[in-house]
Amino acid sequence: MRTNSFTLDSLLETHDQPFSIINADQQIIAVNRAWEGHFALPRERRLGAICCNNPSDCRHKRFFQTLEPYTGMFSETLGSQEHLLKVRGYPLLDVDGTVYLGESVLTVGKSASMTGNPQMVGTSSAFLNLKTKLQQAAQSNVPVMLNGETGTGKEFAAEYIHRQSSNADGEFVIVDCTVLGEDLFESELFGHEKGAFTGAATVKKGLFELADGGTLFLDEVGELPISLQPKLLRALESGQFRRVGGTTALKSTVRVVTATHRNLSGMVKEGLFREDLFYRLSVFPLEIPALRDRVEDIQELVEYFLESFGQRDRCVYRMSGAALQKLMGHRWPGNIRELKNCLQLATCLCNKHHIEERDISIMRRNEMPLKPGMVERRGQGSATEARKATDMNPLEAIEAEYIRSLIDKHQGNRKLIAAEMNVSERTLYRKLKRLNVN
């Protein structure tokens, strides 16, 4: 697997979810190891393929017309199997200015951890207290709400509850509430009958039905539009639903676990979240501690991740004491996800599988170079957060830095910047707005 530059090629493997890079001809030019493992297919069968199964309504073709990021759920045949995929696509800019599409995908119903029996790693008092509460939650059958910052491992905790519960033999089905708009909600959650609407060529089971006898994990439930919340509440209270276009009432018995980084009780007071749904979901609330509150666990987490990466890469990764001390001294605003991504990048940068301090790329506010998502205010010597670090991936950060270099080169002349990037001024404006670059 080689892409057109070291930058894209090395950062490709920092994604722990299946990830593809697609060119303007809608051909797949690279996939990562996580993609191979997730779909149990060799990457050679994927490279060079035209990636869309529906040329008349191709999301990849639309992307290269607009260069707008997208998220959604799509049906796609890989190998001999049809999969319902959660997809996130966004532009990648190579060092030579070429625009590619980066697409992360995950099969609905399969956890991002992609492990059959997730392990809980840590020995700190904060972690052991959490693990005890997760085990208590697993033994009950009441709805559990996981609260915590982005990157603390809420999905991992939800899967742990599922594996320890009486529903462990059923499916662990993930519902990403951030992609459920008005047009997708009922079809994705409850399914549809053949001919229910244009494009409904077959009967499709919804996520609620797929989770029957298992666990329904509503991730980022605070992002669900309030107009859709009554429909979810009715299904949860009665266990009954109808597919779109159907007349028969179906029933599904599911264990419900939700997660959010928002203050839902505050949203209830502001009228942004239904009070009855909030109390329906938060019978057993649990707070997931931030990594900075369990610093004692960092060394054990590092050993766990490096062992996991070593099994994936068929090697043994080792780390120097200085590198570990650098990790221990960081505050980890992105929590465990940030730590894991940092280590994945380090495995790409290190020499002979030995990670030194120079291979650890973490940025400190006001102490080190600007981290991804930070924009320097010229003449003031300070930095302000343009986008949350969790909202900007490393490749978007590279794109933002590239555009800033062109702004300096052409003294802010949008026409010249757009010409050098080979995009329209309108597209450049959208990219500036999306990346929050002035």
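Reading the values: rules and limits
Residues numbered from 1 in each chain as written. Predicted model: local features only at pLDDT ≥ 70, side-chain atom pairs only at ≥ 80, totals over all residues. Heavy atoms only, no water. pLDDT = per-residue confidence, 0-100. Contact = heavy atoms within 4.5 Å. Helix = DSSP H or I, 4+ residues; strand = E, 2+ residues; numbered from the N terminus. Expected span 1.5 Å × (residues − 1). Buried < 20%, exposed > 50% of the residue type's maximum accessible area, 1.4 Å probe, protein only. Arc of directions from axis to C-beta. Pairing = 2+ DSSP bridges.

For the protein, the name recorded in an unreviewed UniProt entry is Sigma 54-interacting transcriptional regulator, with Methylomarinum roseum as its organism.

> Help me understand the confidence of the model for the protein in this model?
Reading fine detail from the predicted coordinates is not recommended where pLDDT is low. Considering every residue of the protein, the mean pLDDT works out to 80; 82% of them sit at 70 or more. Within the model, the stretch residues 1-6 combines pLDDT values under 50 with 17 contacts to residues more than four positions away or in other chains. The low-confidence segment residues 111-116, where pLDDT is below 50, has 19 contacts with residues more than four positions distant or belonging to other chains.

> So what exactly am I meant to see when it comes to helix α11 (residues 298-313) here?
Turn by turn, an α-helix covers 3.6 residues, leaving residues three or four places apart pointing in a common direction. For α11, with 16 residues, the first-to-last C-alpha span of 22 Å sits near the 22 Å given by 1.5 Å per residue. Among the residues making up α11, those that are buried are Ile-298, Leu-301, Val-302, Phe-305, Leu-306, Phe-309, Gly-310 and Asp-313. One side of α11 holds all its buried residues, which, seen down the axis, span an arc of 165°. Every exposed residue of α11 that faces more than 90 degrees away from the buried side is listed here: Glu-307 and Gln-311. Where α11 is buried, its residues contact α2 (33-39), β15 (318-319), α12 (321-328), α13 (335-349) and β16 (354-355). Count one or two residues on from α11 and you reach Arg-314, which has phi positive near 60°.

> So what exactly am I meant to see when it comes to the pairing of strand β1 (residues 19-22) here?
On a regular strand, each side chain points to the face opposite its neighbour's, so the side chains alternate between the two faces of the sheet. Here β1 shows two buried faces, one formed by Phe-19 and Ile-21 and the other by Ser-20 and Ile-22. Pairing analysis gives 4 bridges linking β1 to strand β5 (residues 99-107), with the strands arranged antiparallel. Along β5, the bridge assignment pairs Ser-20 with Glu-103. With 3 bridges connecting them, β1 and strand β2 (residues 28-31) associate as antiparallel partners. By the bridge assignment, Ile-22 is partnered in β2 with Ile-28. In this structure, the hairpin formed by β1 and β2 is closed by a connection of 5 residues, where Gln-26 is found at a positive phi of approximately 60°.

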